[in-house]
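Chain by chain, the residues run as shown.
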Amino acid sequence: MNKHHPLRALAGSAVLLLACAAGHAQTPAATSEPADDRGFSYFLGLGRQTVTYQEHVSMWPIRSKAEVSSPMLVTGALYSVSPDVLMTFDGESTFAPGKSTERWTTSAAVIGNTPITDPLLQTNQFSLQETHTKLLLHYRLHRQLFALAGPSFRTNTFTRSGFVAGTDGATDVSHGTVVETASEAMLHVGFALDSERVRGARSHYGLRLVAATPVWRRLENTSQPGVTFTGTRGYDLSLAGRYSWSVYPNVQVGGWAQYTFSERARQSKGLVELPRHELRSLAYGLELLWKL
């Protein structure tokens, strides 16, 4: 009966291990999961924003109202962070701000020592320049339904000029040009529906319902130098939607619209009042989406 020599058996095992290693090296690596096609970038090519702005003075029953329309630019992107987390970046800005007439009216019979015979107290030219940057995280709740939260940063610049007093001359119209600048950081929470994909998809849809509140704010007006308002009482509500169709495998064209309502509370410093004010905005346009 022949017995295997221990060294010969060891050598045979070594040859077997080397053969297995060589075979493993020659075997193609297991294919990784396909690249994540979710997400896209976009640009709003033709857009317009119509804003209605109102102030409510409390010292007297005085109201102001202005409606102005301007072209706007909107850019942004949606990124895939993980299978259940998305991140969006959105930038909105007014381009070539339009101008309109702001009207100040009252229901008072007397303001100061001036009897009021005409409710129109004053008119002036009005324009608004707005920039708004948002960064929102989307967490998947179910399929294409997401909860979202994140910060935004906005600056609104109101420019008033060409002041004309009403019939009763109850207001001071010697201001020249007055610029009011409001900057704020906001926190947003809400819900979104998003189909997530542009590349390889026949269409894309998105819908967002968001509430926001300022967490930091600073407002200054050139007619009251040295006076700064920093109160943060107020809120925003917005509803935005988009839908697009494929024109190339990784490019889509579609429409976008957004309605926003903002309200900020009254503030005062001594005899200087920042009235309660509201801003309603309707923006819409055509957009280009792509995923390279």
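Quick caveat: nothing in here was measured; it's all calculated off a predicted structure.

What follows deals with the overall build of the chain. Broken down by element type, the chain carries one helix and 16 strands. When the 292 residues of the chain are sorted by exposure, 39% land in the buried category. Put simply, of all contacts in the chain between residues at least 6 apart along the chain, 68% involve residues at least 24 apart.

A word on the pairing of strand S8 (residues 145–165). Relative to S8, strand S7 (residues 120–142) is paired through 17 bridges, and the arrangement is antiparallel. Looking across to S8, one finds that Glu 130 is bridged to Asn 156. Here S7 folds back onto S8 in antiparallel fashion, the turn holding two residues, of which Arg 143 has a positive phi close to 50 degrees. Direction of pairing for S8 relative to strand S9 (residues 178–194): antiparallel, over a ladder of 16 bridges. Paired with Thr 159 across the bridge in S9 is Val 179.

Right, let's talk about the nonpolar core for a bit. In this structure, Phe 40, Tyr 42, Leu 44, Met 72, Val 74, Leu 78, Leu 86, Phe 146, Val 198, Trp 256, Ala 283 and Leu 289 together form the largest nonpolar core, which totals 12 residues. Secondary structure elements with two or more residues in this core: strand S1 (40–57), strand S2 (62–82) and strand S16 (276–290). Look past the residues within four positions of Ala 283 in its chain and what remains in contact with it is Arg 48, Gln 49, Met 72, Trp 256, Ala 257 and Gln 258. Tyr 53, Ala 66, Val 68 and Leu 128 belong to the second-largest nonpolar core, a separate cluster that totals eight residues.

This paragraph deals with the environment of Arg 202. Its location among the elements puts Arg 202 in the loop between S9 and strand S10 (203–221). With relative accessibility at 77%, the residue Arg 202 sits in the exposed group. In this structure the C-alpha to C-alpha distance between Arg 202 and Val 247, which are 45 residues apart in sequence, comes to 8.5 Å. Other than its neighbours up to four places away in sequence, Arg 202 contacts Ser 244, Trp 245, Ser 246 and Gln 252.

This part takes up a nonpolar patch on the surface. Judged by side-chain polarity, Tyr 139, Leu 141, Leu 145, Phe 191, Leu 193, Tyr 205, Leu 207, Leu 209, Leu 239, Tyr 243 and Trp 245 come together as a nonpolar surface patch covering roughly 1,100 Å² of accessible area. If you list the elements that add at least two residues to the nonpolar patch, you get S7, S9, S10 and strand S12 (234–248). On the secondary structure map, Trp 245 appears in strand S12.

Turning to unusual backbone geometry, a few remarks are in order. Even without being a glycine, Ala 96 presents a positive backbone phi close to 50 degrees. Residue position: Ala 96 is located in the loop between strand S3 (85–94) and strand S4 (100–106). The backbone of Glu 196 sits at a positive phi, close to 75 degrees, despite the residue not being glycine. Examined against the element boundaries, Glu 196 turns out to sit in the loop between S9 and S10. Glu 196 sits in the buried class, given a relative accessible area of 2%.

A word on the environment of Thr 155. With respect to the element layout, Thr 155 can be found in strand S8. By relative accessible area, Thr 155 is classed as partly exposed at 26%. Separated by 29 residues in the primary sequence, Thr 155 and Glu 184 have C-alpha atoms spaced 6.5 Å apart. Separated by 3.2 Å, the side chains of Thr 155 and Ser 183 make a polar contact.

For the rest of this paragraph, the subject is the pattern of salt bridges. By the definition in use, this model includes 19 salt bridges. The salt bridge partner of Arg 199 is Asp 37, with a shortest N-O separation of 2.7 Å. A residue pair is termed long-range when its members are at least 10 positions apart, and Arg 199 in the loop between S9 and S10 and Asp 37 in the loop between helix H1 (6–26) and S1 qualify at 162 residues. Accessibility expressed as a relative area gives 27% for Arg 199, which makes it partly exposed. According to the relative accessible area criterion, Asp 37 is partly exposed, its value standing at 29%. Its salt-bridge partner being Arg 276, residue Glu 263 comes within 3.5 Å of it at the nearest N-O pair. Taken together, the positions of Glu 263 in strand S13 (residues 251–264) and Arg 276 in strand S16 put the pair 13 residues apart, joining distant regions of the chain. Put simply, Glu 130, Arg 154, Glu 184, Arg 217, Asp 236 and Arg 264 are held in one network by salt bridges that share partners.

What follows is about the side chain of His 188. Relative to the elements of secondary structure, His 188 occurs in strand S9. Judged by its relative accessible area of 5%, His 188 is buried. A polar contact of 2.6 Å, which involves the side chain of His 188, links it to the side chain of Ser 152.

Rules behind the numbers
Residues numbered from 1 in each chain as written. Predicted model: local features only at pLDDT ≥ 70, side-chain atom pairs only at ≥ 80, totals over all residues. Heavy atoms only, no water. Helix = DSSP H or I, 4+ residues; strand = E, 2+ residues; numbered from the N terminus. Buried < 20%, exposed > 50% of the residue type's maximum accessible area, 1.4 Å probe, protein only. Contact = heavy atoms within 4.5 Å. Pairing = 2+ DSSP bridges. Core = buried A, V, L, I, M, F, W, Y, C linked by side-chain atoms within 4.5 Å. Patch = residues over 30% accessible without salt bridge, like charges linked within 9 Å, V, L, I, M, F, W, Y side chains within 5 Å. Areas by Shrake-Rupley, 256 points an atom, 1.4 Å probe, with all protein chains shown as cover. Salt bridge = Lys/Arg side-chain N within 4 Å of Asp/Glu carboxyl O. Polar contact = N/O pair within 3.5 Å; in protein donor to acceptor, adjacent residues only side chain to side chain.

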